[in-house]
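Survey of secondary and tertiary structure
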Amino acid sequence: MTSTSNENTLPLLDVLMIGTGEYTTGCTGASGEASQSDKGAGVVALTMLDLQRRGKIGKIAMVGVNGTKFPVIRKHMQANIGSVYKGLDPSTIETFPKDDEIDPQAYMSAINSYSDSKHRIAIIFTPDDTHFDIGMACIRAGIHVLVTKPIVQTLQHHQLLQEEARKYNVLVAVEVHKRWDPFYADARDRIRSWQDDFSYMTAYMSQPKFQLHSFRAWAGKSSDISYYLNSHHVDWSEWTLHGKAKPVRVVATASNGIAQAMGLPTEDSITLTVTWLNLQSKHCGCAVYTASWVAPKSDVHSQQRFHYMGASGEVVIDQAHRGCTMSTDEGGFASINPCFMKYTPNHDGEFAGQASYGYKSFDVFVDAVREIQASRKQPSDFDNGGLATVHTTLQGTAILEAGRKSLDADSRPMDILYDSHESLIPVDIKAHEFK
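Residues numbered from 1 in each chain as written. Predicted model: local features only at pLDDT ≥ 70, side-chain atom pairs only at ≥ 80, totals over all residues. Heavy atoms only, no water.

Digging into helix H4 (residues 70–82)
For the α-helix, the turn length of 3.6 residues means that residues three or four positions removed from each other point alike. Condition: Counting from the N terminus, the helices are DSSP H or I runs at least four residues long and the strands are E runs at least two residues long. Here the expected length of a helix is defined as 1.5 Å per residue gap, with one fewer gap than residues. Relative accessible area decides the class of each residue, using a 1.4 Å probe on protein chains only: under 20% of the type maximum gives buried, over 50% gives exposed, and in between gives partly exposed. This arc is taken over the directions from the axis of the helix to the C-beta atoms.
Taking 1.5 Å per residue as the helical rise, H4 with its 13 residues ought to reach 18 Å, whereas the 16 Å between its terminal C-alpha atoms falls clearly short. Of all the residues in H4, the buried ones are Phe70, Ile73, His76, Met77 and Ile81. Along H4, the residues classed as buried sweep out an arc of 120° about the axis, all on the same side.

What follows is the structure in structure tokens.
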């Protein structure tokens, strides 16, 4: 976004990392055990520490609810970050609340504590049902915000965040790292170059069933697997089809039994069948998005693939299998994805994953905010598809909410409503009325 020679003239950003879970720290559970997924060192904190080393980030704070977890989190981060990478020191991260406190409102204390900072961002990786309240508090404090997908769970909440982001002139975006996957980004650009109708898409993503133990606190209580995983391919569709087609109807179906046997009140898998209306021809296309978190252990942590067909071409991508396999005595056989996050240090012992799409998703947001804070850009400049901003992702939220509504109504179709045929901005969701 900016040349290296210009980077030193841009302001340093102070970061509030809100959420202390697996994606932020690589740590799961109160005992501080490392994640069994492909993110043992975490992503968010590691990336922020490296951006600090590179001179883009100033102070870093981490906010949770249960302060008694912080001693084991610090121990885990030191073992997996501080002792592994030269120049990265997780002990410098300030934490909220105090180690002997439990405070669901600790994010407010952190926001107030950093009120004197002129250049702040918040990175929110918390349970889905908390995104709205935390995001709104950050926006109203004048903080630029990056929220993990889904940004919120309802179209109404999305619209309210959108209004406040405009009012306070801050950049609010969704962390959807698949946009930075070179395979997915290339597919999107090729498809848009065809300038044809969308016809059909099928997409699948999974998590192994052991991962449900990490999600036990919220799985089926405050969110579901569709919000958690279907959100990736739904966002990719909205990004790819922007200006070409829009979603108008959603029907959801689910399987159950395995998670319930584990004591979790949630579906095993959720399938969303979405009707997309091609804007020029008025012909319909159909997309089928399936997500599951009861998959068995396999050669990958997460199966991820899609088949897209347009009127003049098709693309098939198996994101889980990049042609790279590895076998070790400890881990056995695995198909690895070096594009997501490179955890092995370079020859100097430094973190070397800057080209990974898991890293880039944060790096480009930081660069964008630094440009804004230097008065070189406005938040609205990033509504052009360069970032998944709060203003350009309403269709995805509408699809996910309509899917949940459909499931709760025994798979009744849900219509996504717009003010006009030309409009791309959904305004409401209504149960379909059969004629």
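So that's the structure; there's more coming.
Examining the side chain of serine 231
Quick reminder of the rule: Under the rule applied, a polar contact is a pair of N or O atoms within 3.5 Å (in protein, one hydrogen donor and one hydrogen acceptor; residues adjacent in sequence only if both atoms are side-chain atoms). In this analysis, two residues are considered to be in contact whenever any of their non-hydrogen atoms come within 4.5 Å of each other.
Along the chain, serine 231 turns up in helix H9 (residues 225–241). At 2.8 Å, the side chain of serine 231 forms a polar contact with the backbone oxygen of tyrosine 227. Those residues within four positions of serine 231 in sequence are excluded, and the remaining contacts are Lys149, Ser226 and Leu400.

Points about the sheet that holds strand S1 (residues 13–18)
Where we set the bar: Between any two strands, at least two bridges found by DSSP are needed for them to pair. Note on method: axes are straight lines fitted to C-alpha atoms, helices fitted across the in-contact stretch only, with angles between N-to-C directions ranging 0 to 180 degrees.
Read from one edge to the other, the open sheet built from six strands follows the order S5-S4-S1-S6-S7-S8, with strand pairing classed as parallel. Since the sheet does not close on itself, it has two edges, and those belong to strand S5 (94–96) and strand S8 (172–175), each with one partner. Between one strand axis and the next, the sheet turns through 20° on average, direction left out of account. Sheet topology note: the strand S7 (residues 144–148)/S8 ladder contains four bridges and is parallel.

Here's the deal with the layout of surface pockets
Applied cut-off: Points on a 1 Å grid, built from protein atoms alone, make a cavity when a 1.4 Å probe fits but cannot get out and make a pocket when they are open with protein on both sides within 12 Å along at least 5 of 7 lines; residues with an atom within 4 Å of a point are the lining residues. Grid points are joined across faces, edges and corners, and a volume is the space filled by probe spheres set on the points. Asp, Glu, Lys and Arg are counted as charged, while Ala, Val, Leu, Ile, Met, Phe, Trp, Tyr, Cys and Pro are counted as nonpolar; the rest, among them Gly, fall into the polar class.
Of the pockets and cavities examined, the second largest pocket occupies roughly 160 Å³. Together, Arg192, Gln195, Asp196, Asp197, Gly243, Lys244, Asn278 and Gln280 line the second largest pocket. Split by residue class, the lining of the second largest pocket holds no nonpolar, four polar and four charged.

Points about the nonpolar core
Selection criterion: Each nonpolar core is a collection of buried residues, namely Ala, Val, Leu, Ile, Met, Phe, Trp, Tyr and Cys, held together in the definition by side-chain atoms within 4.5 Å.
Residues Met201, Trp236, Leu272, Trp276, Tyr289 and Phe306 are the most contacted members of the largest nonpolar core, which totals 51 residues. Broken down by element, this core gets its largest block of residues, eight residues, from H9. Of all hydrophobic cores here, the second largest spans 43 residues; its members include Ile81, Leu171, Tyr357 and Ala368.

Remarks on the confidence of the model for the protein chain
Stated precisely, the cut-off is as follows: pLDDT gives the predictor's per-residue confidence on a scale running from 0 to 100.
Here the protein chain shows a mean pLDDT of 94. Residues at 70 or above account for 96%. Below a pLDDT of 50 lies the segment residues 1–5, which in the model reaches nine contacts outside its immediate sequence neighbourhood of four places, other chains included.

Digging into the packing of aromatic side chains
Put simply, the rule reads: Whether two aromatic rings pair depends on their centres lying within 6.5 Å, for rings of Phe, Tyr and Trp, where Trp uses its six-membered ring; planes under 30 degrees apart make the pair stacked, over 60 edge-to-face, and the rest tilted.
If you walk through the whole model with that rule in mind, you get 15 aromatic pairs. Measuring from ring centre to ring centre gives 5.7 Å for tryptophan 218 and tyrosine 228, while their planes differ by 50°; the resulting arrangement is tilted. In this pair, tryptophan 218 is assigned in the loop between strand S9 (198–208) and H9 and tyrosine 228 in helix H9, connecting sequence segments ten residues apart. Using a relative accessible area of 13% as the deciding quantity, one classes tryptophan 218 as buried. Judged by centre distance (4.5 Å) and plane angle (35°), the ring pair of tryptophan 236 and phenylalanine 306 falls under tilted. Linking tryptophan 236 in helix H9 with phenylalanine 306 in strand S13 (residues 304–310), this pair joins segments that are 70 residues apart in sequence. Assessed through its relative accessible area of 3%, phenylalanine 306 is described here as buried.

A closer look at the environment of tryptophan 194
Considering the arrangement of structural elements, one finds tryptophan 194 in helix H8 (residues 182–194). The spacing of tryptophan 194 and serine 312 is 118 residues in sequence and 7.1 Å in space, taken between C-alpha atoms. In this view, tryptophan 194 contacts Tyr308, Ser312, Gly313, Glu314 and Val315; residues no more than four positions away in its chain are not counted.

Quick notes on empty space enclosed by the protein
For the coordinates displayed, the defined rule picks out three cavities of 30 Å³ or more. If you add up the space inside the largest cavity, you get close to 120 Å³. Elements supplying a minimum of two residues to the lining of the largest cavity: H9 and helix H12 (394–408). Here the lining of the largest cavity gets four residues from one element, more than from any other, and that element is H9. Here the lining of the largest cavity is composed, by residue class, of six nonpolar, five polar and three charged. What the second largest cavity holds in volume is close to 70 Å³. Lining the second largest cavity, in full, are Leu146, Ala173, Val174, Glu175, Val176, Arg179, Trp180, Ser361, Phe365, Leu387 and Ala388. Every element with two or more residues in the lining of the second largest cavity is listed here: S8 and helix H11 (357–373). If you tally residues by element for the lining of the second largest cavity, the top one is S8, at three residues.

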